[in-house]
Amino acid sequence: MARSASRRHGQGLAMAADLAYSPPRMPSSPLGSAEPREQRVAQVLLFVTPALFTANMVVARATADFIPPVALAELRWLGVVLVLLPFCGRELWRGRAALRRDWARYALLGFLGMGICGAGVYLGAATTTATNIGLIYAASPVLIILLSRAMFGDRLSRREGLGTALALAGVLVIVLRGDPAALLSLRFSAGDLIILVCAISWALYTVLLKRWPDPLGVTARLTAIALAGVIVMLPPLGWELVRRGPPDFDLRTIAAVLTLIFVPGVGAYATYGYITQHLGPSRTGLVLYLSPVYTAVIAWLLLGEAFAFHHWLGAALVLPGLFFATHRPKTA
């Protein structure tokens, strides 16, 4: 009994360290054996993480006129690396053999998660709204489920499927503004199509993040992937600098970059990785169903974009749907 209590206490300390961005080891046990406490924390983070990601969508729209997209993504992720490196530098050095062996995996994850989902969002934001970015990204959970099933044979339970359908219905209410006839008159801008590519990229990033085993802890792995993304984006950054020149490093640029580093950079990606580890990619992807709600509220408060009744109705469907899709009843 004493050994069991000590072991649970140690696991709790490791979990707390994960959330503080220190370099713990990722659990190597299968998903079903994750400690109930860790799963409960992951379920709480399901409702926090979308708010962190929403900051990226709002800042992307707010900076579209004065910061080039690749430069903004490069500054964001370089800043994330510099912030996290003191916490995990020793772990990365100890794991240098694994980094050399799996460099292609880190490069692909950096390209998908930091390149396409970084610069792509900022590029698309120039010709669409923050609300539309959140709406289109809400398709990612469905894409994650389809990719998980097609690539690895993952399946959802009946309860999880019902919750997913309910949350998707809430997203559709928001997209169609409460009017099903609006489906016939939907129009997509170039920015919307770019964001759709980003949503597909994010779905693939999420599935691979879970399925590719890694000896590094959450913080060290995020740092390695972010550094790979910074390196992968160097060629397009050079092209952008020649074509558009460097951004002006004034107060608003610095404020935007710092926000991106600490909120949707360090915060959102670290919590997303934690949730993916303990709940799996399909259930984790459902956090993006909250993006339309969070993005619409923040865009309404900060950017003056309209927030209407259909947003409230959509939220009333999304929130319980997310609960049913991610909460597993206790078994005897």
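Residues numbered from 1 in each chain as written. Predicted model: local features only at pLDDT ≥ 70, side-chain atom pairs only at ≥ 80, totals over all residues. Heavy atoms only, no water.

**Some thoughts on the nonpolar core**
Defined as follows: Side-chain atoms within 4.5 Å link the members of a nonpolar core, which is a set of buried Ala, Val, Leu, Ile, Met, Phe, Trp, Tyr and Cys residues. Buried residues are those whose accessible area, probed at 1.4 Å on protein chains only, stays under 20% of the maximum for their type, while exposed residues exceed 50% and partly exposed ones sit between those limits. Secondary structure is summarised from DSSP: a helix means a run of H or I of at least four residues, a strand means a run of E of at least two, and numbering begins at the N terminus for each.
Judged by nonpolar contacts, the single largest core of 58 residues is most densely connected at Trp-77, Met-114, Val-121, Tyr-137, Trp-202, Tyr-205 and Tyr-269. Here this core takes 10 residues from helix α3 (residues 69-94), the largest share from any one element.

**Examining the packing of aromatic side chains**
Convention followed: Stacked, tilted and edge-to-face are the three classes applied to pairs of Phe, Tyr and Trp rings, where Trp contributes its six-membered ring and a pair requires centres within 6.5 Å; stacked means planes under 30 degrees apart, edge-to-face means over 60, and tilted covers the rest. Two limits define a charge over a ring: the Lys NZ or Arg CZ must be within 6 Å of the ring centre, and within 35 degrees of the ring normal.
Within the structure shown, the criterion is met by 8 aromatic pairs. Where Trp-202 meets Tyr-272, the ring centres are 4.8 Å apart and the plane angle is 55 degrees; that geometry is what we call tilted. Of this pair, Trp-202 sits in helix α9 (residues 190-211) while Tyr-272 sits in helix α12 (residues 251-279); the two residues are 70 residues apart in sequence, bridging distant segments of the chain. The two residues Trp-202 and Tyr-272 agree in class, both being buried. For the ring pair Tyr-205 and Tyr-269, a centre distance of 6.1 Å and an interplane angle of 65 degrees mean the geometry is edge-to-face. In this pair, Tyr-205 is assigned in helix α9 and Tyr-269 in helix α12, connecting sequence segments 64 residues apart. What makes Tyr-205 buried here is its relative accessible area of 3%. Judged by its relative accessible area of 7%, Tyr-269 falls in the buried class. Lying across the ring of Trp-93, Arg-96 places its NZ or CZ 4.1 Å from the centre.

**Some words on the state of the cysteines**
What counts is decided by this rule: When the sulfur atoms of two cysteines come within 2.5 Å, that pair is taken as a disulfide.
Counting across every chain of the model gives 0 disulfides. Sulfur of Cys-117: no disulfide; nearest cysteine sulfur belongs to Cys-198 and is 5.6 Å away. A relative accessible area of 1% places Cys-198 in the buried class.

**A look at the environment of Pro-235**
Residue placement: Pro-235 occurs in helix α11 (residues 234-244). For the pair Pro-235 and Val-70, spaced 165 residues apart in sequence, the C-alpha separation works out to 10.0 Å.

**Here's the deal with the environment of Val-48**
By the secondary structure assignment, Val-48 is in helix α2 (residues 36-62). In this structure the C-alpha to C-alpha distance between Val-48 and Tyr-272, which are 224 residues apart in sequence, comes to 9.8 Å.

**Observations concerning a nonpolar patch on the surface**
What counts, and what does not: Each patch is assembled from residues with relative accessible area greater than 30% and no salt bridge, linking like charges that lie within 9 Å and nonpolar side chains (Val, Leu, Ile, Met, Phe, Trp, Tyr) that lie within 5 Å. Method for areas: the Shrake-Rupley scheme with a 1.4 Å probe, in which residue coverage is limited to the protein chains shown. Salt bridges are defined as contacts in which a side-chain nitrogen from Lys or Arg sits within 4 Å of a carboxyl oxygen from Asp or Glu.
On the surface, a cluster of nonpolar side chains totalling about 410 Å² of accessible area is made up of Phe-249, Ile-254, Leu-258 and Phe-262. Here Phe-262 is to be found in helix α12. Of the residues examined, Phe-262 reaches a relative accessible area of 48% and is grouped as partly exposed.

**Re the pattern of salt bridges**
For the structure shown, the criterion picks out 3 salt bridges. Note that Arg-101 and Asp-102 form a salt bridge whose closest N and O atoms lie 3.4 Å from each other. Here Asp-102 falls in the buried class, since its relative accessible area comes to 13%. A salt bridge links Arg-252 to Asp-250, with the nearest nitrogen and oxygen atoms 3.4 Å apart.

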